[in-house]
Structures are given as C-alpha cells and as structure tokens.
Amino acid sequence: MESNFRYIDENLKIICENINEAYEKYRKKGEKIRVMAVTKTVAPEAVNHAISLGIDLLGENRVQEYLSKADYYAKQGACGNPTEVQFIGHLQTNKVKYIINSVSMIQSVDSVKLAAEINRLAKANDKVMDVLCEVNIGGEASKSGVSPDELYGLLEEVSEMRNIRVKGLMTIPPPSGSDVFLGRMQELFRNAADRNIRGVDMDVLSMGMTHDYAEAVKYGSTLVRIGTGLFGERIYK
Ligand SMILES: *Cc1c(COP(=O)(O)O)cnc(C)c1O
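To start, this report covers the structure provided alongside it. Since this is a predicted model, take the numbers as computed values, not measurements. Every chain is numbered on its own, with residues counted from 1 as its sequence reads. A pLDDT threshold of at least 70 governs which residues receive local features in this predicted model, and a stricter bar of 80 or more applies before side-chain atom pairs are shown or counted, although totals over entire chains, interfaces and linings include all residues. Computation of side-chain values: all heavy atoms of the structure, hydrogens and water removed.

1. Description of the overall build of the protein chain
Argument step 1. A run of H or I in DSSP counts as a helix once it spans at least four residues, and a run of E counts as a strand once it spans at least two, with each numbered from the N terminus. Counting its secondary structure elements, the protein chain contains 9 helices and 8 strands.
Argument step 2. In this setup the radius of gyration rests on C-alpha atoms only. A globule is expected at 2.2 Å times the number of residues raised to 0.38. The globule rule puts the C-alpha radius of gyration for 237 residues at 18 Å, and the 17 Å found for the protein chain is close to it.
Argument step 3. By principal-axis analysis of the C-alpha atoms, the protein chain measures approximately 50 × 40 × 35 Å.
Argument step 4. Classification of the 237 residues of the protein chain by burial places 50% in the buried group.
Argument step 5. In the protein chain, once contacts between residues fewer than 6 apart in sequence are set aside, the share between residues at least 24 apart is 65%.
Argument step 6. Using a 1.4 Å probe, the Shrake-Rupley method yields the accessible areas, and only the shown protein chains count as cover for residues. In the structure as shown, the protein chain presents an accessible area of about 11800 Å², 48% of it carried by carbon and sulfur atoms. When a residue's accessible area, from a 1.4 Å probe over protein chains only, is under 20% of the maximum for its type it is buried; when over 50% it is exposed; and in between it is partly exposed. By definition in these notes, contact holds between two residues if any of their heavy atoms fall within 4.5 Å.

Below you can see the structure in the form of structure tokens.
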C-alpha cells in the first residue's frame, strides 16, 4: 500500500471511532449506518485507497467529473465488496442520461420534472432507479431541495412513477446550529414513514457531513457522506 495515503487510514479510523461512539450512545443495536466517501476533487488513486480500506460507497457531485474518473475507480475493495456509486449533487434533467446506467441511487431528487426524466430514462433502460428526495431543511436560498411543506406532494407524485423508487430522504443542513435542523429532519423522516405512501420506502436518511456526522448519527442518520474528513481539504468547493 502506498504510504502517501496513510492519512486516509488515520482519518477513516477516527471517523469510525466517532460514529461508533455516537452509535453506542444513541442508537439501537442492529441499526445500520453506511459511510459514503464523497469524491469531489479527489484523485482516483486516493479514492481507491479508501476502497482498499473497506469503503464500498462513493458519492459523486458533478456529472462531468464523475465521467472522467469512473473508469479509474476500483470495482471492488480488498474483501471483495463491490464499489457502489450514488449521485449526490444537484442534477440537471439534461444530464440524467449520462449517469442512469452507472449509479445505483440518485440522492438529489428535488422536483417532479427531474423525477419524471429519471423515470423516463429508467424505463427506456429497463430498470427501476432508487432515489432519495432532497429536503432543504434550513430553507436556505443557496441550497437545492424541497421545503418540508413541499415534500409530501413530491412523494405522492413520484410514487406514481413505475421506474423510480423512493428509498428515503437526503439533506444538507445549514452549517451552523445544525442540531436543531438535524432534529427536524429526523421528525420529517418519521412523519414521512408514518404516512405509508404506497411505493415509497423510508429506509435511508442521508444526513451528516464532515462537520456534523456524529451529531447526525445521534439524530437517526443511516448514511453519512464524508469528503474532507476522509480525504483532506479540497482545492475548490
Ligand atoms: C461535498 C459534499 C459532502 C461532503 O462534504 P464534507 O464537508 O467535505 O464532508 C456531502 N454531501 C454533499 C451533497 C456534498 O456536496
């Protein structure tokens, strides 16, 4: 193993310790938490090192960047787990076609228009695409995602689409005071599950990044998305 990536070993160890600590304190035994490595700006060699350490889930933000790196990613880790790629960035409808066959989930569905295009292309490719609906829990103008009020309408509409399957929710809470928003998100996730909308599962709550993943575990996250905490500071955001 290349020693120049040893910082990734260290970072992953710390991340797992912090997750385990929060898990022991706040979560029920048997609940699963996945760690996604967010790869934006990160060289495939570094990503592959993380895969060799057991990371089996990658998060991609930018379609072009992903396409340029996809071929260089290790297809499986040291213990044989296949590498899964999910899309987490803002997605324009005209770019769905580039990723429809290479990602296992699109976490950033925030409009009926985008959902309809995913549904159309999934059908054309004879598949059912798993998605999460993105919620702008802090109501920030700069962020994508539907407001909590708009969520149920979106879920109802997407539930009618045959080639798309809602698996849960994703959010990027405001950087400060995120405790409150994490709690609100957990509540929204539970309420959405309680509605029992046909064809909609609430299995995945994708919440928590480098600065708040331990908190997110406290508030029910099932999937944390970590970039800088694993790979170090990015050159650009
Ligand atoms: C960049 C990004 C992350 C990871 O952010 P870090 O703070 O580097 O951990 C997680 N989710 C999304 C949607 C992102 O764009």
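Following the structure, the description resumes.
2. Brief notes about the pairing of strand β5 (residues 129–135)
Argument step 1. With 6 of 7 residues buried, β5 is to be regarded as a mostly interior element.
Argument step 2. Two strands pair if DSSP finds at least two bridges between them. Sheet topology note: the strand β4 (residues 105–109)/β5 ladder contains 3 bridges and is parallel. Opposite M105, over in β5, you have D130 as the bridge partner.
Argument step 3. We call a crossover right-handed when, viewed with the strands running away from us, the connection from the first strand over the helix to the second turns clockwise. With helix α5 (residues 112–124) bridging β4 and the parallel β5, this β-α-β connection has right-handed handedness.
Argument step 4. After leaving β5, the chain enters helix α6 (residues 148–159) and then returns to the sheet as strand β6 (residues 164–171), a path that is right-handed.

3. Section: the packing of aromatic side chains
To describe a pair of aromatic rings, you give the distance between the ring centres and the angle between the ring planes.
Argument step 1. Any Phe, Tyr or Trp ring, taking Trp's six-membered ring, that has another such ring centre within 6.5 Å forms a pair; planes under 30 degrees apart are called stacked, those over 60 apart edge-to-face, and the others tilted. Within this structure, the stated rule accounts for 1 aromatic pair.
Argument step 2. Stacked on the ring of Y152, the Lys or Arg R195 has its end atom at 3.5 Å from the ring centre. Working rule: Lys NZ or Arg CZ, within 6 Å of ring centre, within 35 degrees of ring normal, means a charge sits over the ring.

4. Comments concerning α5
Argument step 1. Here a helix's expected span is defined as the number of its residues, less one, multiplied by 1.5 Å. Look at α5: 18 Å from first C-alpha to last across 13 residues, which is about the 18 Å you get at 1.5 Å a residue.
Argument step 2. Inspection of α5 places L114, A115, E117, I118, N119, L121 and A122 among the buried residues, and these make up the whole buried set.
Argument step 3. Buried residues along α5 sit in contact with α4 (96–99), β4, β5, α6 and β6.
Argument step 4. One or two steps after α5, the chain reaches D126, where phi turns positive at roughly 60 degrees.

5. Digging into the packing of helix α1 (residues 6–26) against helix α2 (residues 44–52)
Argument step 1. An axis is simply a line fitted to the C-alpha atoms; with a helix, the fit covers only the stretch in contact. Between two such axes, the angle follows the N-to-C directions and lies from 0 to 180 degrees. In the contact formed by α1 and α2, the axes pass within 10 Å of each other and the chain directions differ by 50 degrees. It follows from the interaxial angle that α1 and α2 lie oblique. For the pair α1 and α2, the crossing hand works out as right-handed. Residues Y7, I8 and D9 of α1 lie in contact with α2, whose contacting residues are A46, H49 and A50.
Argument step 2. In this classification, the charged set is Asp, Glu, Lys and Arg, the nonpolar set is Ala, Val, Leu, Ile, Met, Phe, Trp, Tyr, Cys and Pro, and all remaining amino acids, among them Gly, are polar. For the contact of α1 with α2, the class distribution of residues is 4 nonpolar, 1 polar and 1 charged. Geometric relationships in this document are graded by angle, where less than 35 degrees denotes roughly parallel, more than 145 denotes roughly antiparallel, 65 to 115 denotes roughly perpendicular, and other angles denote oblique. The sense of a crossing depends on the near helix, which, turned anticlockwise from the far helix by less than a right angle, makes the crossing left-handed and, turned clockwise, makes it right-handed.

6. Some thoughts on the site of the ligand
Argument step 1. The environment of the ligand is formed by V38, K40, N61, I88, I172, M209, T210, R225, I226, G227, T228 and R234.
Argument step 2. Side-chain atoms alone can form a polar contact between residues adjacent in sequence; in general such a contact is a pair of N or O atoms within 3.5 Å, and within protein one must be able to donate a hydrogen while the other accepts it. T228 is positioned such that a nitrogen or oxygen atom in its backbone is 2.8 Å from an oxygen atom of the ligand.
Argument step 3. At 2.8 Å from an oxygen atom of the ligand is found a side-chain nitrogen or oxygen belonging to R234.
Argument step 4. Here the shell around the ligand is composed, by residue class, of 5 nonpolar, 4 polar and 3 charged. Here, proximity means that at least one heavy atom of the residue falls within 4 Å of the molecule or strand.

7. Some remarks on α1
In an α-helix there are 3.6 residues to a turn, and that puts residues three or four apart on one side.
Argument step 1. For α1, spanning 21 residues, the distance from its first C-alpha to its last is 31 Å, which sits close to the expected 30 Å at 1.5 Å a residue.
Argument step 2. Regarding α1, the residues found buried are I8, N11, L12, I15, I19, A22 and Y23. One side of α1 carries all its buried residues, which in axial view fall inside an arc of 105 degrees. α1 presents R6, E24 and K25 as exposed residues on the side facing more than 90 degrees away from its buried surface.
Argument step 3. Where α1 is buried, its residues contact β1 (34–38), α2, α8 (213–218), β8 (223–226) and α9 (228–231). It is the directions from the helix axis to the C-beta atoms whose arc is reported.

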